[in-house]
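# Close look at the chain arrangement
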Amino acid sequence: MNGSRQSTPLRAPHEIAVPGQGGVGDSPLRPDGTLKVKGEFAYSSDLWIDGMLWGATLRSPHPRARIVSIDTSAALAHPGVHAVLTEEDVPGRKHFGLDHTWDQPVLAIGEVRHQGEPIALVAADHPEIARRALEKIAIEWEVLDPLVDARRAAFDPSYPRVQERPNPARHQPVRVGDVESARAAAEVVVTGTFEVGIQDQAFLGPESGLAVPADDGGVDLYVATQWMHNDLKQIGPCLGLPESKIRMTLSGVGGAFGGREDLSMQIHAAMLAMRTGRPVKMVYNRHESFFGHVHRHPAEMRYEYGATKDGRIVYADVEILLDGGAYTSATLNVVGNAASLGVGPYDIPNIKIDAYGVYTNNPPCGAMRGFGAVQACFAYESMMDRLAAACGLDPVTVRQRNAASQGTRLATGQVLWAPLPMAEMLEQARTLPMPADLDAADIRNLPGGASQTTHGEGVMRGVGYGVGLKNICFSEGYDDYSTARVRLEVVGGEATALVHTAAAEVGQGLVTVEAQIARTELGVERVVIHPADNQVGDAGSSSASRQTYMTGGAVKAACEAVRDRLFERLEHDDLSLVGGKVVSASAGVIASLEEILGDDAIEETREYHHEPTTGMDKVTGQGDSHTQLALCVHRAVVDVDVELGLVKVVELAAVQDVGRIINRLSLEGQIHGGSAQGLGLAVMEEIVVRDGKVRNPSFTDYLIPTIQDMPPMRLEILENADPRAPYGLRGAGEPPTLSSTPAIVAAIRDATGLALNRVPVRPEHITLGAAVS
Amino acid sequence: MRVNFTVNGRTEAVDDVWEGESLLYVLRERVGLPGSKNACEQGECGSCTVYLDGTPVCSCLVAAGQVEGREVRTVEGLADGDRLDPVQEAFVECGAVQCGFCTPGLIVQAHDLIQHNDRPSDAEIREALAGNLCRCTGYEKILDAVRLAASRKAALR
């Protein structure tokens with residue numbers, strides 16, 4: 001490894017051997033499952049190495065303030081402290097950021113722009129010593145009024161700037177047809193103003209990792225991330241190191257959901273390790289984690305739809321305002337998604353959308369599962385229900401009447417080239433069996449449950465529908481690709497495929513799918529998954545529901561290349577690999593893989609690029625900006641205690657088209673989990689912010705669904721192949737997170753008759769809320 | 001201070017423990033048992049659940065000194081060598097594991113449930129696991145796993 005000393009931590013990530021069966025379309029079990037149930041899987045917080053120190057971060061208590069002075073001398077003098085670092089100690093570039101924005105300071109420079117912004121670092125013998133040393137860092141502040149008005153940031157040029165650049169980070173318009181003429185002719189007009197609160201990814205494994213200084217002056221980093229190579233592009237310049245001197249290994253990731261796209265402790269731990277010459281481990285606690293990563297953008301959305309009396313939408317006039325907080329993170333792309341998917345999967349002839357992302361001193365926001373499409377989906381689906389009510393139609397019919405299908409031109413002008421049987425999926429959702437009527441005899445079935453807040457009086461049942469359209473893979477002209485290296489050789493007498501990628505397994509089951517693809521393409525049983533690291537090419541991010549598509553595509557391509565080289569050694573041209581043997585269609589079994597390979601290894605590395613996309617036109621938003629679109633339909637059934645405002649989701653049903661099922665067991669888990677996060681946004685999850693400060697940074701006060709909150713689910717999974725994608729598959733992780741939220745809120749509206757323009761819906765919205773006007 | 005306790009049948013005498021350390025910290029950082037997870041450190045998520053004298057507790061809420069002379073059993077102590085406990089086996093088989101960070105705590109809690117009740121209703125499973133947060137699975141496969149493990153246990157009777 002480039003001459004660095006071999007100082008591998010105890011409990012480091014290692015190869016996972018995957019014996020057994022299960023190709024594409026089967027449901028083999030997770031290869032890392034046994035380690036995980038035994039407590040032996042090496043998460044990034046579990047790493048341990050001799051002589052390691054503990055790193056800790058001092059964060060700003062203020063959302064906006066100037067740093068007049070910092071005095072670290074008392075902290076440095078504290079026994080057991082080995083280093084105290086500030087921005088002056090950043091070895092290279094002092095800013096990092098996604099998408100070449102480079103606007104986020106590694107450590108605050110003279111001012112802070114959000115509560116929790118990192119200011120100084122400590123390395124100490126014990127985490128408690130590090131914590132006490134942080135308290136001894138003396139800072140003289142000039143506290144300023146935080147800039148927290150997203151609307152003024154977007155539209156008022158006199159509003160002070162959060163950064164040096166203008167406050168609007170991006171404005172993306174979409175223009176189709178002639179909205180003004182359509183407005184004059186519309187028979188029915190419905191309007192709505194909708195809000196989405198800040199949702200947190202709330203992955204269970206907080207940010208953590210280990211930095212080990214190397215003899216070559218570089219550093220070995222063991223971290224939990226979604227995209228190692230993109231981390232590296234930011235870490236290298238900030239540390240003043242070439243990428244070749246930074247060896248990254250993916251450690252066990254305790255969930256991600258977008259919250260690990262941005263850097264957290266990576267540069268900090270490396271700086272402390274390089275300064276002290278000792279390995280440094282950093283582990284955030286839950287409180288710090290709420291400040292350690294970006295969140296889902298809160299949104300304020302104004303919608304106006306015009307339609308014919310029979311419910312055909314003739315125009316949409318939409319404004320979406322997304323508060324990105326202090327730094328850019330993924331805001332530019334989140335705005336692109338909100339704009340391009342602002343009216344969802346509906347065929348609308350005249351469209352005006354303006355989506356804005358702005359800087360404020362509120363908490364920084366960026367990627368979270370659904371990424372800009374979630375916010376818009378809550379609004380456009382709420383609008384469909386309003387339209388249904390205004391036209392006297394039921395919610396399914398009004399959606400079917402306006403549903404997109406293969407060949408429909410979306411708001412961006414992009415034509416849906418693949419099957420999209422939305423009207424049929426809605427019909428399926430409608431006709432699925434309904435859950436049983438409320439059995440109030442068992443209080444656990446009631447809203448409020450064992451708290452005994454009701455015995456059934458005041459409880460109303462409601463049913464609602466939601467449809468969500470999500471882009472899969474990276475959009476807007478990005479050259480999106482993944483890389484895979486596959487090596488076929490005989491190990492211990494058995495043909496074995498070694499699969500090596502940099503793709504992050506974050507819990508979604510990518511390692512399972514990689515092994516399935518290798519088995520299908522190479523006809524082997526035994527597959528070994530190499531730990532993900534940066535000793536192989538870029539795999540892109542484990543986000544945008546893209547890894548089965550992109551890294552799956554790369555593994556498939558590398559396997560095909562290996563297979564081609566294997567077949568070159570043989571004379572037949574009608575060969576295939578089945579059950580560890582090379583089979584000729586004409587001559588039958590030729591030989592076993594072991595016989596053909598002998599002592600040789602065949603290794604091939606391939607990149608897989610998806611079909612190119614284009615940017616969105618800056619004025620009209622037009623362009624083929626997405627490479628794949630995926631749809632999910634939800635039906636929600638709820639019981640609502642209308643007197644206390646308590647909601648019990650009774651059942652969620654989902655109909656999703658995944659193109660091709662690669663692994664049903666994992667896929668169902670994705671739909672369940674995505675639906676649960678949508679449920680959280682619908683009825684409980686919000687980071688509450690006042691004057692730029694987070695009021696509930698804990699699992700005591702920020703609630704995520706428990707097993708009591710999550711209802712049984714019914715799933716209908718369709719397989720209408722996308723001809724462009726590997727095996728015809730569609731990304732599946734995000735669509736259910738879009739559609740479950742509006743379906744649940746629609747069901748609550750159905751039960752209560754209330755307007756409910758904001759998520760999460762809180763008890764007071766139900767007990768004190770206004771009816772639909 | 002020194003803390004003497006038994007963990008997974010092994011006697012431990014742990015030196016240099018700071019009085020403010022939790023049982024979770026001692027397990028993870030001092031006796032090499034990082035299976036129990038630190039996800040909230042305030043008893044809300046259940047990821048650090050271990051048996052203390054046979055009762056499931058959040059080890060993040062137990063001060064290290066409180067375990068003096070007592071018996072702890074962690075997720076690492078459930079399997080019999082390479083043979084998984086039926087609850088562990090069912091979690092893998094049913095797809096109840098995704099990122100797996102909540103898994104150790106859920107397995108200890110489910111193990112406790114099934115010890116006392118090998119024919120739990122869904123409502124009983126939900127009640128027993130209500131203190132264990134999972135962010136990945138939506139809990140459906142976890143219910144499947146507990147049902148399966150319980151039915152296997154019941155079949156052995």
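Quick caveat, the model's predicted, so the values are computed rather than measured. (Residues numbered from 1 in each chain as written. Chains lettered and ligands numbered in written order. Predicted model: local features only at pLDDT ≥ 70, side-chain atom pairs only at ≥ 80, totals over all residues.)

In terms of regular secondary structure, chain B is built from 5 helices and 5 strands. Helices and strands in chain B line up, N terminus first, as β-β-α-β-β-β-α-α-α-α. Against the compact-globule benchmark of 15 Å for 157 residues, chain B has a radius of gyration of 15 Å, which places it among compact chains. Referenced to the eigenvectors of the C-alpha coordinate spread, the extents of chain B come out at roughly 45 × 30 × 25 Å. Of all 157 residues assigned to chain B, the portion counted as buried reaches 56%. (Helix = DSSP H or I, 4+ residues; strand = E, 2+ residues; numbered from the N terminus. Rg over C-alpha atoms; globule rule 2.2 N^0.38 Å. Buried ≥ 20, exposed ≤ 12 C-beta atoms within 10 Å, placed from the backbone.)

Another point: the overall build of chain A. Across its full length, chain A holds 18 helices and 34 strands. The C-alpha atoms of chain A give 27 Å as radius of gyration, which agrees with the globular expectation for 773 residues (28 Å, within 12%). Oriented by its inertia axes, the alpha-carbon framework of chain A measures out at about 80 × 75 × 60 Å. Relative to its 773 residues, chain A shows a buried fraction of 61%. Within chain A, counting contacts between residues at least 6 apart in sequence, those at least 24 apart form 80% of the total. (Contact = placed C-beta atoms within 7 Å.)

Attention now moves to the interface of chain B and chain A. Each partner contributes residues to the interface: chain B has 45 residues there, and chain A has 49 residues. Looking at the side of chain B that touches chain A, the elements with two or more residues in it are α2 (86–93), α3 (103–116), α4 (122–128) and α5 (140–156) of chain B. Considering every element that reaches the side of chain B that touches chain A, the biggest residue donor is α2(B), with 4 residues. Within the side of chain B that touches chain A, the residues separate by chemical class into 23 nonpolar, 14 polar and 8 charged. (Nonpolar A, V, L, I, M, F, W, Y, C, P; charged D, E, K, R; others polar.)

With that settled, the discussion passes to the sheet that holds strand β7 (residues 111–112) of chain A. As summarised here, the arrangement of the 3 strands in space is β7-β3-β9 (chain A), forming an open sheet in which the pairing is antiparallel. The open sheet has two edge strands with one neighbour each: β7 and β9 (138–143) of chain A. (Pairing = 2+ DSSP bridges.)

Quick look at the packing of helix α16 (residues 664–683) of chain A against helix α17 (residues 735–752) of chain A now. Residue and element names in this part refer to chain A. Here α16 crosses α17 at 45°, and the two axes come no closer than 7 Å. Of the possible angle classes, the one that applies to α16 and α17 is oblique. Note that α16 runs across α17; the crossing there is right-handed. Here Ile671, Gly674, Ser675, Gln677, Gly678, Leu679, Leu681, Ala682 and Val683 of α16 come into contact with α17, specifically with Pro736, Thr737, Leu738, Ser740, Thr741, Ile744 and Val745. Its residues placed into classes, the contact of α16 with α17 shows 9 nonpolar, 7 polar and no charged. (Axes fitted to C-alpha atoms, helices over the stretch in contact; angles between N-to-C directions. Parallel < 35°, antiparallel > 145°, perpendicular 65-115°, else oblique. Left-handed = near helix turned anticlockwise from the far one by under 90°.)

Two elements, strand β3 (residues 65–71) of chain A and β7(A), share 2 bridges in a ladder whose sense is antiparallel. Paired with A:Arg66 across the bridge in β7(A) is A:Glu111.

Another aspect to go through is α17(A). Along its 18 residues, α17(A) runs 27 Å from first to last C-alpha, staying within 8% of the 26 Å computed at 1.5 Å per residue. Looking one or two places after α17(A), you find A:Gly753, whose phi comes out positive at around 75°. (Expected span 1.5 Å × (residues − 1).)

This next bit is on the environment of A:Ser73. Of note, A:Ser73 is situated in helix α2 (residues 73–77). C-alpha of A:Ser73 to C-alpha of A:Arg312: the two residues are 239 residues apart in sequence and 70 Å apart in space.

Glancing now at the sheet that holds strand β15 (residues 280–283) of chain A. Adjacent strands of a sheet form backbone hydrogen bonds with each other and so pair up, either parallel or antiparallel. All names here are of chain A. Strand order in this open sheet of 7 strands is β4-β8-β2-β15-β12-β13-β14, and the pairing throughout is mixed. The sheet is open, and its two edges are formed by β4 (81–85) and β14 (246–250), each paired on a single side. Going across the sheet, the axis of each strand differs from the next one's by a mean of 20°, ignoring polarity.

Residue and element names in this part refer to chain B. Closest axis-to-axis distance for the α2/α5 pair is 8 Å, and the angle between their directions is 140°. The angle between the axes of α2 and α5 places the two elements in the oblique class. Read as a crossing pair, α2 and α5 show a hand that is right-handed. Within the contact between the two elements, α2 uses Pro86, Val87, Ala90, Phe91 and Glu93 and α5 uses Ala145, Leu148, Ala149, Arg152 and Lys153. When the residues that make up the contact of α2 with α5 are grouped by side-chain class, the tally is 7 nonpolar, no polar and 3 charged.

Residue and element names in this part refer to chain A. Residue position: Leu577 is located in strand β25 (residues 575–578). Under the C-beta neighbour-count criterion, Leu577 is labelled buried, with 22 such atoms within 10 Å. The sequence separation of Leu577 and Ile70 amounts to 507 residues, and the corresponding C-alpha distance is 66 Å. In contact with Leu577, not counting residues within four places along its chain, are Leu522, Gly523, Arg563 and Val582.

Now for the confidence of the model for chain A. Confidence in the prediction of chain A, expressed as mean pLDDT, is 96, and 99% of residues score 70 or more. Contacts of residues 1–6 of chain A to residues separated by more than four positions or lying in other chains number 12 contacts, the stretch itself having pLDDT below 50. (pLDDT = per-residue confidence, 0-100.)

Now for the nonpolar core. Residue and element names in this part refer to chain A. Val122, Ala270, Val486, Ala518, Val638 and Ile744 are the most contacted members of the largest nonpolar core, which has 305 residues in total. In terms of residues, this core owes the most to one element, helix α10 (residues 373–391), which gives 12 residues. Those residues in contact with Ile744, other than ones at most four positions away along the chain, are Gly464, Ala636, Val638, Val649, Leu679, Ala682 and Val683. (Core = buried A, V, L, I, M, F, W, Y, C linked by C-beta atoms within 7 Å.)

What follows is about the confidence of the model for chain B. Per-residue confidence for chain B averages 97 on the pLDDT scale, and 100% of its residues sit at or above 70. In the model output, the complex is listed with pTM 0.97 alongside ipTM 0.99.

Once that is clear, we can look at unusual backbone geometry. With the exception of glycine, the majority of residues adopt a negative phi angle, and the majority of peptide bonds are in the trans configuration. Residue and element names in this part refer to chain A. The step from Val759 to Pro760 runs through a cis peptide bond, and the omega angle for that step is 0°. Structurally, Pro760 can be placed in the loop between β34 (758–759) and α18 (763–767). Although it is not a glycine, Cys473 sits at a positive phi angle of roughly 70°. Relative to the helices and strands, Cys473 is located in the loop between β21 (459–472) and β22 (481–491). Look at Cys473 and you get buried, because 26 C-beta atoms sit within 10 Å. The phi dihedral of Asp691 falls on the positive side, at around 50°, and the residue is not glycine. Structurally, Asp691 can be placed in the loop between β31 (689–690) and β32 (693–694).

Structurally, the position occupied by B:Thr74 is in the loop between β5 (71–73) and α2. In the structure, B:Thr74 is positioned 22 residues away from B:Leu52 in sequence and 8.9 Å away in space, judged by C-alpha atoms. Filtering out sequence-adjacent residues up to four positions away, B:Thr74 remains in contact with A:Gly39, B:Val7, B:Asn8, B:Leu27, B:Leu33, B:Gly35, B:Ser36 and B:Val50.

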